[in-house]
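# Fold and contact review
Given next are the chains, with one letter for each unit.
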Amino acid sequence: MKTNPVYKREIMVSARSIRLALVLLVFNGILALVALLNMYSTLAQVRLTAEVQYTSFLDLYLFVAALEFMMLICIMPAITAGSISGERERKTLELMMATKMRPWEIVVGKLMAALSTMALLVASSFPVLAMVFVYGGITWTDAFSLILCYVTVAFFAGSIGICFSAAFKRSTVSTVVTYGTLTAVVAGTYFLNRFALS
């Protein structure tokens, strides 16, 4: 099977940069710190009351899952919003268009490279989410559904970022518009779900 040259190049550049390692460290560090602090406070409550409330461990899972969701929403546009416009700013988009690749292959290569980075983030954060498995209440089906949700959100946010990156000439403008659109979608969905449908 022929590998997309844009995807191959983006993955090689990403793997060789220290930025990916720093993003992984910060991303998993925040998740682990929040999870451990939350678990510590739950265990401290158990020591005081001598009651084990398993709902608090489920709350930990929900909190960490929601935090990871928000971080993915914030990271994905940063990766994709400047992908096409950045090539335009560096004057390399014309060179890419002069090759035998079709425009959709360039877009798919950029999007798949960003999704691969997100998949790495999600896979590396799974041990933090799996801490709840020790106490029960979460099944493998729940974990698989959560990962599927993360992949869907990453694809959606990445597609919006690529769209605005192709539509605007400046990366700054495309990034701002991407974050504004995603904020409107997330806030609108939350308020619609919270108030209109309840």
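Treat the numbers as computed from the prediction; the structure is a model and nothing was measured.

## A closer look at helix H7 (residues 140–167)
Between its first and last C-alpha atoms H7 spans 40 Å; for 28 residues at 1.5 Å apiece the expected length is 40 Å, and the two agree. When we look at burial in H7, the residues that qualify are Ala-143, Leu-146, Tyr-150, Val-153, Ala-154, Ala-157, Gly-158, Ile-160, Gly-161, Ile-162, Phe-164 and Ser-165.

## Some remarks on the environment of Val-173
Examined against the element boundaries, Val-173 turns out to sit in helix H8 (residues 171–196). By relative accessible area, which is 36% here, Val-173 ends up partly exposed. The sequence separation of Val-173 and Ala-81 amounts to 92 residues, and the corresponding C-alpha distance is 9.0 Å.

## A few points about the packing of aromatic side chains
In this structure the tally under the stated criterion is 2 aromatic pairs. For the pair Tyr-190 and Phe-191, a centre-to-centre distance of 5.4 Å together with 75 degrees between the ring planes defines the contact as edge-to-face.

## Here's the deal with the packing of helix H2 (residues 18–49) against helix H6 (residues 103–129)
Across the interface, H2 lies against H6 with an axial gap of 10 Å and an inter-helix angle of 30 degrees. Here H6 runs roughly parallel to H2, going by the angle between their axes. The two elements H2 and H6 meet at a crossing, and its hand is right-handed. Within the contact between the two elements, H2 uses Leu-20, Val-23, Leu-24, Phe-27, Asn-28, Leu-31, Ala-32 and Ala-35 and H6 uses Thr-117, Leu-120, Leu-121, Ser-124, Ser-125 and Val-128. The class makeup of the residues in the contact of H2 with H6 is 10 nonpolar, 4 polar and no charged.

## Looking at unusual backbone geometry
Positive phi, normally seen in glycine, also occurs at Lys-91, with a value near 60 degrees. The topology assignment puts Lys-91 in the loop between helix H4 (83–89) and helix H5 (93–97). Relative accessible area serves as the criterion here: at 62%, Lys-91 is assigned to the exposed category.

Scoring rules and cut-offs
Residues numbered from 1 in each chain as written. Predicted model: local features only at pLDDT ≥ 70, side-chain atom pairs only at ≥ 80, totals over all residues. Heavy atoms only, no water. Helix = DSSP H or I, 4+ residues; strand = E, 2+ residues; numbered from the N terminus. Expected span 1.5 Å × (residues − 1). Buried < 20%, exposed > 50% of the residue type's maximum accessible area, 1.4 Å probe, protein only. Phe/Tyr/Trp six-rings, centres within 6.5 Å; stacked < 30°, edge-to-face > 60°. Axes fitted to C-alpha atoms, helices over the stretch in contact; angles between N-to-C directions. Parallel < 35°, antiparallel > 145°, perpendicular 65-115°, else oblique. Left-handed = near helix turned anticlockwise from the far one by under 90°. Contact = heavy atoms within 4.5 Å. Nonpolar A, V, L, I, M, F, W, Y, C, P; charged D, E, K, R; others polar.

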